[in-house]
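The primary structure of each chain is shown beneath.
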Amino acid sequence: MTMFNPSQLRLARKRRALTLTKLAELSGVSLRSLTSYENGRQPPNTENLQKLASALSVPSTFFSRETVETVPVAAVSFRKLSKTSATRRDAVLANASLTVQFFGTIATRFRLPEPDIPSLDKLTPTEAAELVRHRWALGDRPVANMIHLLEAKGVRVAALGHEYSDIDAFCFFRDSVPYVFLNTSRSAERQRFDAAHELGHLVLHGEQDMDPSSSKEREAEANEFAANFLMPSSRVLSQSMRAASIDRILAARSFWKVSAMAMTHRLHELDLLSDWQYRSTCIELSDRGYRSSEPGGISAEGSQLLRKVMFGSANKVTIATAARSLDLEADDVVEFVRDLVPTVVGT
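The rules behind the values
Residues numbered from 1 in each chain as written. Predicted model: local features only at pLDDT ≥ 70, side-chain atom pairs only at ≥ 80, totals over all residues. Heavy atoms only, no water. Buried < 20%, exposed > 50% of the residue type's maximum accessible area, 1.4 Å probe, protein only. Helix = DSSP H or I, 4+ residues; strand = E, 2+ residues; numbered from the N terminus. Pairing = 2+ DSSP bridges. Polar contact = N/O pair within 3.5 Å; in protein donor to acceptor, adjacent residues only side chain to side chain.

Caption draft 1: Seen up close, the pairing of strand β2 (residues 169-174). Of all six residues in β2, six are buried; the element is thus mostly enclosed. What you see with β2 is no split at all: Ala169, Cys171 and Phe173 on one side and Phe170, Phe172 and Arg174 on the other are buried throughout. Here β2 pairs with strand β3 (residues 177-183) via six bridges, running antiparallel. Residue pairing across strands places Arg174 opposite Val177, the latter belonging to β3.

Caption draft 2: Spotlight on the pairing of strand β1 (residues 156-160). Of all five residues in β1, five are buried, a share of seventy percent or more. Relative to β3, β1 runs parallel, the two being bridged by five bridges. The residue of β3 that forms the bridge with Arg156 is Tyr179.

Caption draft 3: Quick peek at the environment of His205. Relative to the helices and strands, His205 resides in helix α8 (residues 188-205). Between the C-alpha atom of His205 and that of Arg218, which follows or precedes it by 13 residues, the distance is 7.9 Å. Side-chain polar atoms of His205 contact the side chain of Glu221, separated by 2.7 Å.

Read these as spatial facts, not as claims about activity.
Laid out in structure tokens, this is it:
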């Protein structure tokens, strides 16, 4: 092998959520050798290189690529971080770093929308949501498609691996470009709220370090932003929703394209449901199955940007071509876009 990059081995290991000890067990390469490889003291021989490539499910050429700049923990708006192990968190960030490279591959062939995400950290979440709606000329009507809207404003939207059920969504800036990762195994309504929540982080918290000690405050602010962005108070208050019945709430959640629980919570926030009415409604909705799912809900939103660049041009970037460009397996690239576009592996 003419070149071996130790950081690429470390990246490949972390994205599979493996410790050095576990990788040694899976690959048959000694722990001592692995430590030497990652520390850059010596490169692996051809036999061990193939063992590592097989254990980590990457082509051997992956280890000779230039260093991929990993996404730092401090830059990411992780929710429920205290419930996520460092190993799983590092795996998610390693995959996110490769997803950034995937969008870089797309950017070499297509001109992508320029970011238009205002920084409104001096405003309250409610004020920020209203100002963004005004800036983007949304009026007080429902957002037709959250993913399409974010993409049009320069946000790169990608999928989070379904195995990370403990992580809803997250976002960050890389070179002033915003990225949002959604868990596409969630209901369509949940994904819309998650997308609005992450937009709240981008607008309110920007590129500031995500200090764990203030995470609860940031999450509350992002939730407030999302509720106001998806269900603007001026329109909700005009819809005669005081003491609304379950049927009325279900009709409203379909109109706003949010979950029944989110709609109920919004009505309570706006004092349209009393504390007793709110609790009673939540209990009834839970009994009907609306806490864990969304019966009769909307269809999941997809990516317009990815559909165009992967299927709509002679210069398209297919799963297979992206995999070759990134020295990854096709299945890895599929995970970047799962449920956002059809994921048939092309040639």
